[in-house]
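# Reading the structure
Below are the chains, spelled out letter by letter.
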Amino acid sequence: MSTDAAAAGAGSGASAGLVIGLAMTATFLAVALVALAWTPYDPVAMNMADRLQGPSRAHWLGTDLYGRDVLSMIMAGSHNSVLVALVAVGIGIGIGVPLGSMAAATRGLADEAIMRFADFTFAFPFILSAVMITALLGPGSVNAIIAIGIFNIPVFARVTRGASLPVWRRDFILAARAAGKGRARIAVEHVLPNIAAVLIVQATIQFALAILGEAALSYLGLGAQPPAPSWGKMLNEAQTLVAVAPHLVVFPGLAIVLTVLGLNLLGDGLRDLLDPRLRTRVG
Amino acid sequence: MTLIFRIAAILAALPFLAAPALAAKDTLTMGMTLEPPHLDPTATAAAATDEVVYANVFEGLTRIDAAGAVQPALAASWDVTEDGTVYTFHLREGVSFHDGTQFDAEDVVFSFERAMAEGSVNAQKQIFEPIEAVEALDPRTVKVTLRRPTGSFLFDLGWGDAVIVAPESADANRSAPVGTGPFRFERRVAGDRVELTRFEDYWGEAPALARATFKFIPDSAAAAAALLAGDIDAFANLPAPELVPQFEADPRFTVEIGVTEGETILAMNNAREPFSNLKVRQAISHALNRDAIIQADFDYGTPIGSHFSPVHPAYVDLTGTYPHDVEKAKALLREAGYAEGFEATLKLPPPNYARRAGEIIQQQLAQVGITVEIVPVEWAQWLEQVFKGADYDMTVIAHTEPMDIGIYARDDYYFGYDSAEFDGVMEELSAEADEGRRHELMAEAQRILAEDAVNGFLYQLPKIGVWNAAVEGLWRNTPIQANDLTEVRWRE
Amino acid sequence: MSVLIAKRLVAFVLTLLATSLVVFTVMRVLPGDPAAIILGTGAREDTLLALRQQMGLDRSFVAQYLAWTGGVLIGDFGTSYTYAVPVSQLVAERLSVSLPLAVFAILLSTAIAIPCGVVAASRRGRAGDLGISAAAQLGVAVPNFWLAMLLVLVFAVGMGIFPAGGFPGWEAGLRPSLKALVLPSVALALPQAAILTRVTRSAVLETLGEDHVRTARAKGLTRRAALWRHAVPNALIPVVTILGLQFSFLLAGTIVIENVFYLPGIGRLLFQAIAQRDLIVVQSLVVLIAAAVVVVNFLVDLAYLAIDPRLRTGSGDVD
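For clarity, every value in this text was computed on a predicted model and none was experimentally measured. (Residues numbered from 1 in each chain as written. Chains lettered and ligands numbered in written order. Predicted model: local features only at pLDDT ≥ 70, side-chain atom pairs only at ≥ 80, totals over all residues. Heavy atoms only, no water.)

With that out of the way, let us pick up the environment of threonine 400 of chain B. Note on placement: threonine 400 of chain B falls in the loop between β16 (394-399) and α12 (420-431). Each C-alpha atom, one on threonine 400 of chain B and one on proline 479 of chain B, is 9.7 Å from the other, the two residues being 79 residues apart in sequence. (Helix = DSSP H or I, 4+ residues; strand = E, 2+ residues; numbered from the N terminus.)

Shown next as structure tokens:
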């Protein structure tokens, strides 16, 4: 039968995806690092005389309404994306994983309460929570982080709980319990290491989603604020200029797509590598 | 049988159907960016409401014309006593409301008392503040007694907030406005348009248009497309300055770049350190480069040097008071004791003009050592924090009310500006009736504000009018928030 | 089954109660006075006070909350501060735009995703699969608002086939209205379709490996017959789950997309109502949205039972 060959084929395809994803993500991180020290132009320096120029030799990706260099802004904008996504996913892991672990360890009432809370949080589309949070606290990257972070908490809680439950039924856990170890200790020492792969995969996916989320919030004017360059904000400013300066629409969007694509490929590749059983599952 | 009748009716109608192609067109569809929340101009500050109903559906005792001058409207004439405190208005004959009720002096008394009442929700209640009493002497005569002479009273009565409504219909005006104007409210399609039709019993000259539609298109690209496709005949203020060259090059369109009453300023909190220091304010004025700020709005704004409309006859050009000069600005900051500069916040409300100017101002002030943190705020927050609470360092805002230089004399206004000299000039102005002397006082007031560098005076917001080249009679400027259609017609 | 419904009903009521409390509190805590927004910078303090009284904002927090929820229970959502019309009327008007938009987007994304996913699964590892999977991978990475801007750039600004934004209203005729919804629907649907394609593909792959499909093949069914008669129906369960989960994302998507295209729908209304502090409209909308999400999730659970009879005899818990 050809099933094995097909699986092998998909396997090599997946690992090709992993390599491509790794390369794209590495490029993205390298650009972000380089931009810390150097960009072709000062990304916040305005030059009204050169505004709204298309791509040229002097400005590879053109200039914006204020004559700022688009390439430099995209390079510097990567910082905002990395920062928001990292912290937001960190919040999700920091609060969601303990909650999920607790739910799986205790079951019963605490489990029910945590899962209902997760349902409740999911009932609000995250844009809606973000709009309310920013209305409450004012727009800015910090509030984008909070909004995206809050959304990540139930995601990690559910994944942790779902992945932990089967582990709790395994023999070595029963042995540890028989040896008198407390539930909390077992969760940390035995369960978490066993679900780390799942969490890493989920973190990669959430990182990509956080970058998309940050872009959407900044696009709606709820995220990053000037002069800090941000991809979503660049698209926001480009909206009224679609007809006169299409390059302002195209390039920041491409930056988002390539970054998210790289992270997703990396996540899928890692999933196949770390936990082949999950290969056919999504989400 | 009915079918035959119908065919006959259609055949009979054919010549008439063809006829309008020969006669001049008598309908107009006008595009607007914002949709009015409702249609009662006496219960909202929304400019969009006035832009639909002012002069078209509702009229006041006086009206403001395209040049910003006061004209008689429902009052055919008036007498003012020597001391300027008693106005006797002689009302027009044969005026009726759109619902058929007759207009008389009682309607004026009702409208004014409604606006002055304790539970009134009139956004410009201060127009009526000087009024001590309103009396109907007879059905055609109204006597208004003022507490003190008020030089701008007749102008103020021309505002949309002071239109005359009828007691029978006033409460329903939000959804079904009933006025005395040349156009009758026909219907509203929420989110899309308001339709008006000619009012056949209008007291004055009948308008050339039989129907007028106001269509609300918030997106600039969609607005431009609708104009090009002929879906709309005119856009009073196109929100897309970047697209203007395209229309200027197209012979099918007329482009009129006028000015609004919106003085765009970098407001500073004069009551707060370091803006309480004149030298600091002067330094900021020198640091600002108006040309760059206007360029970000595609070069259509008119630079201003004080808080006054450049199309007003009393306007004085004071843009040279503090010319753009980075070195001078730095020197002034040193003198003021801020050699190292300082940090300040700049609160920006949502409109594009504010956000764009804000980003540039942040850059310009950075060049003289002032570190500006931009804090974008919603309107609600701007009104609460900046306007009401005066909790701000700087903000960019366009003051769109006509002839509003008097706000600088208000005690608790958010600028925190206090000048006995300016207050004196304004006091004299409000009691002065002689037009020549009034202009002198207005010029004096402008000069004081410019020299005190109260705010960074940036530019007058443009009004970018684009309409079908065959349409005439639309206003070039907006001396008052209105799209007056009474004179609009299609060229033969 | 009835236990499941009863449990869900309790959860539904609790969610709505919690939602209404949260949104009510947040809206009262927000800085900004609704009266000041309506009356602007020229308003005097006594006028503001009068309007606040008229809108019932001078009453205590508890009294306001009880008055509002009491009204909602008898179907009276109150009157919008900004538009001075009943909230229910406002919502109905806006739904006539948002609902078709969401339905078109769901139909379009399903119509693209299920065939693509099945084809990719049945040709696993071959060119067709690789092509579809790559396209799906790309589609997941595209922000819907950016796709929307590109569509406007090409089809509205460039070719002038579709309007760049706005909505003429259904009275203006079916054609122009549908035309106005084409680009927004596509912008919403494509990223959704990408996700759904991936789910369908892996679900079909999984069922293809299950025993009864293998048995069917062994009984002599053709590959194609086994695929469509056995594998695909079983694969629909995870697909429906994701469709249900996606509903919440779709709602979020309409908020963004309606703002890109200036469509007078629920999302734009919500956005504007928050900015204008039209508290009563925001409260009602948020509670309605939460209710919609919970109801859809419940329907998804019911759909499980319909699709997979095995679950009917199992315990009520479908978690």
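We are not done yet, so read on.
Each pair of packed helices can be summarised by the angle the axes make with each other and by the distance between the axes. Residue and element names in this part refer to chain A. Viewed as axis vectors pointing N to C, helix α2 (residues 70-106) and helix α5 (residues 141-168) meet at an angle of 35°, and their least axial separation amounts to 5 Å. Considering how the two elements wind past one another, α2 and α5 form a crossing that is right-handed. Taken together, the residues that form the contact of α2 with α5 break down as 19 nonpolar, 10 polar and one charged. (Axes fitted to C-alpha atoms, helices over the stretch in contact; angles between N-to-C directions. Left-handed = near helix turned anticlockwise from the far one by under 90°. Nonpolar A, V, L, I, M, F, W, Y, C, P; charged D, E, K, R; others polar.)

Quick look at the environment of alanine 190 of chain B now. With respect to the helices, strands and loops of the structure, alanine 190 of chain B is situated in the loop between β8 (183-189) and β9 (193-198). In this structure, the C-alpha to C-alpha distance between alanine 190 of chain B and glutamate 35 of chain B, residues 155 residues apart in sequence, is 8.6 Å. Discounting chain neighbours no more than four positions away, the residues touching alanine 190 of chain B are Glu35 of chain B together with Glu93 of chain C. (Contact = heavy atoms within 4.5 Å.)

Per the UniProt record, the feature "domain: ABC transmembrane type-1" (unreviewed entry) sits at residues 95-300 of chain C. For residues 95-300 of chain C, the helix share is 83%, the strand share is 0%, and the end-to-end C-alpha distance is 22 Å. (UniProt positions renumbered as here; feature names shortened; annotations may be inferred.)

Taken together, the contact pairs 19 residues of chain B with 20 residues of chain A. Here chain B and chain A share an interface that buries about 1600 Å² over both sides, 56% of which is from carbon and sulfur atoms. Inspection of the chain B/chain A interface yields one salt bridge. Residue arginine 68 of chain A pairs with glutamate 359 of chain B through a salt bridge whose shortest N-O separation is 2.9 Å. Counting across the chain B and chain A interface gives four residue pairs in polar contact (both at pLDDT 80 or more). Elements supplying a minimum of two residues to the side of chain B that touches chain A: α8 (290-296), α10 (352-366) and β15 (371-376) of chain B. No other element matches the seven residues that α10 of chain B contributes to the side of chain B that touches chain A. (Buried area = accessible area lost by both parts, 1.4 Å probe. Salt bridge = Lys/Arg side-chain N within 4 Å of Asp/Glu carboxyl O. Polar contact = N/O pair within 3.5 Å; in protein donor to acceptor, adjacent residues only side chain to side chain.)

Our focus in this paragraph is the packing of aromatic side chains. With the rule as written, the count across this model stands at 29 aromatic pairs over all chains. Ring plane angle 70° and centroid distance 6.2 Å describe the contact between tyrosine 408 of chain B and phenylalanine 422 of chain B, whose orientation is recorded as edge-to-face. Highlighted residues: tyrosine 408 of chain B in the loop between β16 and α12 and phenylalanine 422 of chain B in helix α12, separated in sequence by 14 residues. Comparing tyrosine 408 of chain B with phenylalanine 422 of chain B, the two get one shared label, buried. Ring pairs connect the aromatic residues Trp379, Trp382, Phe387, Tyr392, Tyr408, Tyr413, Tyr414, Phe415, Tyr417 and Phe422 of chain B, which therefore count as one cluster. Here the basic side chain of arginine 51 of chain A rests over the ring of phenylalanine 298 of chain B, its NZ or CZ set 5.5 Å away from the ring centre. Above the plane of the ring of phenylalanine 24 of chain C lies arginine 28 of chain C, whose end atom (NZ or CZ) is 3.9 Å from the centre. (Phe/Tyr/Trp six-rings, centres within 6.5 Å; stacked < 30°, edge-to-face > 60°. Buried < 20%, exposed > 50% of the residue type's maximum accessible area, 1.4 Å probe, protein only. Lys NZ or Arg CZ within 6 Å of the ring centre and 35° of its normal.)

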